[in-house]
Amino acid sequence: MTSAPSAEWPLYEVFVRGKRGLNHVHVGSLHAADDDMAVRHARDVYTRRNEGVSIWVVRSDAITASSPDEKDPMFAPSGDKVYRHPTFYSIPDDVPHM
Amino acid sequence: MTNPTDPAHAPSHPAPDPNDAHGSIFDGLLGSDSSQWAFGTDFEDPLAGVDTTIPDGVDPGDLAAYCLMLADDALVASHRLSEWCSRAPDLEEDIALANVALDLLGQARLLLARAAAADATVVPALPEGSPVPPEDALAFFREAGDFRNVRLTEVPNGDFAHTIARLLVLSCARLALFERLATSRDSVLAAVAAKGVKELAYHRDYAGRWFLTLAQGTDESRERLLAALDEIWPLHAELFATHPVERAVADAGVGVDPATTAAEVDVVLEQVFAMSGVERPDRAPLAGVQGRTGRDGLHTEALSRLLAEMQVVARAHPSGRW
């Protein structure tokens, strides 16, 4: 047999796309022994109420995240740059869906 | 008229409103179309919207008895699986097993309702004015001797390997049966089977993956799996033995003779065994008593204890409203 099993299964993050959704939405996390089991666990834990038509899972330790310590240098500089929003255009009345 | 915003009348745990912009993390996942609610989920009448006319040339008593066989397999298996709630090896498996149990409970409910609609004399008598619907009366007020499930469904759970081995055999057999039953002349059975096929395909996949994992896992997991398979194998043959009722409904085009599925189920099981490096057990079938087995109402004593626990609350309140 293979090496001794580890005490705890690795953590996975779960993303589900709904019937009408265009993108996968992060819904939570779970433990699983491998990628295939993570998909099945995600189906059982996060799509029981008919929420999804597609599932993504990814090992939590494969995600690189920004650090809370860097919050100000990362995000504060964009706070006062309203000109980056396209709100200064006037929209003609006959343009729908805006 | 109650005011929905009045806290005195608000439900303590309101169902999430998919149109509420400030609801749960699942916002954006839920559509609001009615297709989310499938046939068989009506809380009042399980057979709402389905034609319950009995097809020509079918004996109502046979049809009811046959529905009880299929229903009781699901009901008893569901109860055994639900015994894992809060006791499974981890949270995710706990929910997975509960999901399988709920699928089977849904099948049982529809089939019990079909049995009652086909022949009302199978439903136990309850006190005058009791609100208990016929499918609940059949589940909670019949004695062990009136249950028609195969004995494989009723034996105690044992360990996780035991549950996986049993679920693999059961779901392989029931899937093969339901695939054929989907073309039944009885529109209820055909609809139940068509819905069940998708559920059972997942159950088989779930059990098959775990079977392989346990067989190829550690020495301990393999040992336990082999012991479990050896233990349940004497109950395997009963799944494919044809009861006279099954033959009658099969001849009438509404049921399936389980013997006709045996070869196909064998091939599937052999594939799982081969991948898992497991030998097919060499154990003789558990004999019946004077030829009578689960389908005749002859059970192991485990069923009486299971039913005592499952039925005690309903029986204490035969006029209770739930």
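Scroll up to find the structure.
These numbers come from a predicted model, not from an experiment.

Criteria and thresholds
Residues numbered from 1 in each chain as written. Chains lettered and ligands numbered in written order. Predicted model: local features only at pLDDT ≥ 70, side-chain atom pairs only at ≥ 80, totals over all residues. Helix = DSSP H or I, 4+ residues; strand = E, 2+ residues; numbered from the N terminus. Contact = placed C-beta atoms within 7 Å. Core = buried A, V, L, I, M, F, W, Y, C linked by C-beta atoms within 7 Å. Buried ≥ 20, exposed ≤ 12 C-beta atoms within 10 Å, placed from the backbone. Axes fitted to C-alpha atoms, helices over the stretch in contact; angles between N-to-C directions. Parallel < 35°, antiparallel > 145°, perpendicular 65-115°, else oblique. Left-handed = near helix turned anticlockwise from the far one by under 90°. Nonpolar A, V, L, I, M, F, W, Y, C, P; charged D, E, K, R; others polar. Pairing = 2+ DSSP bridges. Expected span 1.5 Å × (residues − 1).

Caption draft 1: The arrangement of the environment of Glu135(B) in detail. Residues and elements named next belong to chain B. Structurally, the position occupied by Glu135 is in helix H3 (residues 134-140). Between the C-alpha atom of Glu135 and that of Arg114, which follows or precedes it by 21 residues, the distance is 8.4 Å. Setting aside chain neighbours within four positions, we find Glu135 in contact with Pro46, Arg109, Leu112, Ala113 and Ala116.

Caption draft 2: Spatial organisation of the nonpolar core. Residues and elements named next belong to chain B. Judged by nonpolar contacts, the single largest core of 83 residues is most densely connected at Cys67, Ala71, Leu111, Ala115, Ile164 and Ala165. Of all the secondary-structure elements, those providing two or more residues to this core are helix H1 (60-82), helix H2 (91-118), H3, helix H4 (160-181), helix H5 (187-215), helix H6 (219-232), helix H7 (244-251) and helix H9 (301-316). The leading source of residues in this core is H4, at 15 residues. Setting aside residues no more than four positions away along its own chain, Ile164 makes contact with Ala207, Trp210, Phe211 and Leu214.

Caption draft 3: Layout of the packing of H1(B) against H2(B). All names here are of chain B. Viewed as axis vectors pointing N to C, H1 and H2 meet at an angle of 160°, and their least axial separation amounts to 7 Å. When the interaxial angle is binned, H1 and H2 end up roughly antiparallel. Seen from above, H1 lies across H2 with left-handed handedness. Its residues placed into classes, the contact of H1 with H2 shows 22 nonpolar, 3 polar and 1 charged.

Caption draft 4: Spatial organisation of unusual backbone geometry. All names here are of chain B. A positive phi angle, close to 75°, is found at Ser86, a residue other than glycine. Looking at the element boundaries, Ser86 is found in the loop between H1 and H2. Ser86 gets classed as exposed once you count the C-beta atoms within 10 Å, which come to 8.

Caption draft 5: Region of the structure containing the environment of Val268(B). Residues and elements named next belong to chain B. Here Val268 shows up in helix H8 (residues 262-276). C-beta crowding within 10 Å serves as the criterion here: with 17 such atoms nearby, Val268 is assigned to the partly exposed category. Remark: the alpha-carbon pair of Val268 and Val169, spanning 99 residues in sequence, is separated by 9.7 Å.

Caption draft 6: The packing of H5(B) against H8(B), seen in detail. Residue and element names in this part refer to chain B. As a packed pair, H5 and H8 sit with axes 9 Å apart at the nearest point and diverge in direction by 30°. Of the possible angle classes, the one that applies to H5 and H8 is roughly parallel. For the pair H5 and H8, the sense of crossing is right-handed. Taken together, the residues of H8 that come into contact with H5 (itself represented by Gly208, Phe211, Leu212 and Ala215) are Val272, Met275 and Ser276. Partitioned by chemical class, the residues of the contact of H5 with H8 number 5 nonpolar, 2 polar and no charged.

Caption draft 7: Representation of the sheet that holds strand S2 (residues 25-31) of chain A in the model. Residues and elements named next belong to chain A. Spatially, the 3 strands line up as an open sheet ordered S2-S1-S3, and their pairing is antiparallel. The sheet terminates laterally at S2 and strand S3 (54-59), the two strands that pair on one side only. The mean angle between the axes of side-by-side strands here comes to 30°, regardless of whether they run parallel or antiparallel. Relative to S2, strand S1 (residues 11-17) runs antiparallel, the two being bridged by 6 bridges.

Caption draft 8: Layout of H4(B). The terminal C-alpha atoms of H4(B), which comprises 22 residues, lie 30 Å apart, in line with the 32 Å expected from a rise of 1.5 Å per residue. Counting buried residues in H4(B) gives 19 out of 22 residues, a clear majority hidden from the surface.

Read these as layout, nothing more, since geometry by itself doesn't imply function.
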